[in-house]
Amino acid sequence: MEIKSLGKTDFETIFKAFSQAFADYDIQLNAEELKAMWKRRGLNPDLSFAVFENSTIVAFTLNGVGDFNGQRMAYDTGTGTLPAYRGKGLATKIFDYSIPFLKKANISHYLLEVLQHNTKAVSVYRNIGFEVTREFYYFVWKNEEFKNGIKNMEYLCSIEKIDMEQHRYVSDFWDFHPSWQNSFESIRRASEDFICLGSFVDKKLVGYCVFEPYSGDITQIAVDKPFRRKGIASLLLHEASKLNKMTKTKLLNTDISCTSIVDFLKAKNVEISGKQFEMIKEI
C-alpha cells in the first residue's frame, strides 16, 4: 500500500471510493451532488491524500483549503476507509503524511467537523491533537412536517432576491460565526448554486436567508435583533420552500449557544437531529 496525493486521480476513482466508504450513511450523494459539495467546501485534490492498494483507493482524506476566521486553513471535507481496511490506523497515517505538504502550502491550522456519536472518529482526532472549538446542532426535516404559519405582521414586509456581496453588513445580525461550509467564502465559491433572499421593511434589509435549492440546505438565516419574533424568519423560510427542489430541508452547524434557532424550529415542529464537534489543530 502507498499514500499519494489525489492531484492526478480522476473523479470517477475518487467517487467510487467515497461511495464505498460511506455506503452505510443515511444520506447518499450522487456524482453531481458530490461535485457541488466539494466546490463549495474548496476541495484541493493536490493537498488531498489517499492510501492506494495497486490502483484502488482504500482510505482517503479530502481537504479543502481556504481562509477562515482570518487564518489559512485546511478543512477535512471527507475522511473515509473502505470497510475491509478499517481498524488499521490508515486515517492517522494519511494525516501524518499530509502535514508537511500542508505546511509547505502555508496552512497553519487544520479544521474538521465530526458527528458526536461517532466516538471512534472523535477519539482518533483527539489522539492526534485536535481540540474541540465549538459544538453544533443540525436539523433535518421533511418539508410537509414543517409548520410554518405566517403571522399577521404589524408592518409591510417584502421579500426580494439579493446579492450578498452588497449586504456584507448582515454579519451584524449573527449570533455566531458560520461554520466553514456555511461561510461567505464557501458561498462565494459556488455562488451560482445559491439563492439569497432578503426581507425588507421600509426599504431596509432586516433579515435574510441563503439556501441551496438542489440540496435543500439552508446555509445562513438571520434577522436583525430589533425585528425578531415578528414573523420575518417564517416568511423567509416560506418563500425559500417554494424554490426548494428537495423533499427535505437541512439546517446544519448551528452553534448550540444559539437557543433562538432551537426555539424557533421547535415551534415549527422541528427537533434537533444531532450534534457535531468543530475541532481544530494547529500544524
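Not measured: the values here are computed from a predicted model.

J.: Sorry if this is basic, but what is going on with the packing of aromatic side chains here?
T.: Describing an aromatic ring pair means giving the distance of the ring centres and the angle of the ring planes. A complete count under the given rule lists 19 aromatic pairs for this structure. When the centroid spacing of 5.3 Å and the interplanar angle of 35 degrees are considered together, the rings of Tyr97 and Phe101 count as tilted. Of the two residues, Tyr97 and Phe101 both sit in helix H3 (residues 90–104), 4 residues apart, roughly one turn of that helix. Note on Phe101: relative accessible area 36%, which makes it partly exposed. By the ring-pair criterion, three or more aromatic residues cluster together here, those being Phe11, Phe15, Phe18, Phe22, Trp38 and Phe60. Looking at Lys35, its charged tip hangs above the ring of Phe11, at a distance of 4.8 Å from the centre.

J.: Explain the state of the cysteines here, please?
T.: A covalent bond bridging the sulfur atoms of two cysteines is what the word disulfide describes. Applying the stated rule across the entire model yields 0 disulfides. Cysteine Cys196 is unpaired, with the sulfur of Cys209 as its nearest cysteine sulfur at 8.6 Å. Residue Cys196 is classed as buried on the basis of its relative accessible area, which comes to 12%. Free cysteine: Cys258, not disulfide-bonded; nearest cysteine sulfur from Cys209 at 14 Å.

J.: What exactly am I supposed to notice about the pairing of strand E12 (residues 274–282) here?
T.: The side chains of a regular strand alternate, residue by residue, between the two faces of the sheet. Buried residues dominate E12, accounting for 7 of its 9 residues. In the sheet, strand E5 (residues 109–115) pairs with E12 via 7 bridges, with the strands oriented antiparallel. If you follow Tyr110 over to E12, its bridge partner there is Lys281. Sheet analysis places strand E6 (residues 131–142) next to E12, joined by 7 bridges and oriented antiparallel. Each residue of the ladder has a partner; that of Glu131, found in E12, is Ile280.

Criteria and cut-off values
- Residues numbered from 1 in each chain as written.
- Predicted model: local features only at pLDDT ≥ 70, side-chain atom pairs only at ≥ 80, totals over all residues.
- Heavy atoms only, no water.
- Phe/Tyr/Trp six-rings, centres within 6.5 Å; stacked < 30°, edge-to-face > 60°.
- Helix = DSSP H or I, 4+ residues; strand = E, 2+ residues; numbered from the N terminus.
- Buried < 20%, exposed > 50% of the residue type's maximum accessible area, 1.4 Å probe, protein only.
- Lys NZ or Arg CZ within 6 Å of the ring centre and 35° of its normal.
- Disulfide = S-S within 2.5 Å.
- Pairing = 2+ DSSP bridges.

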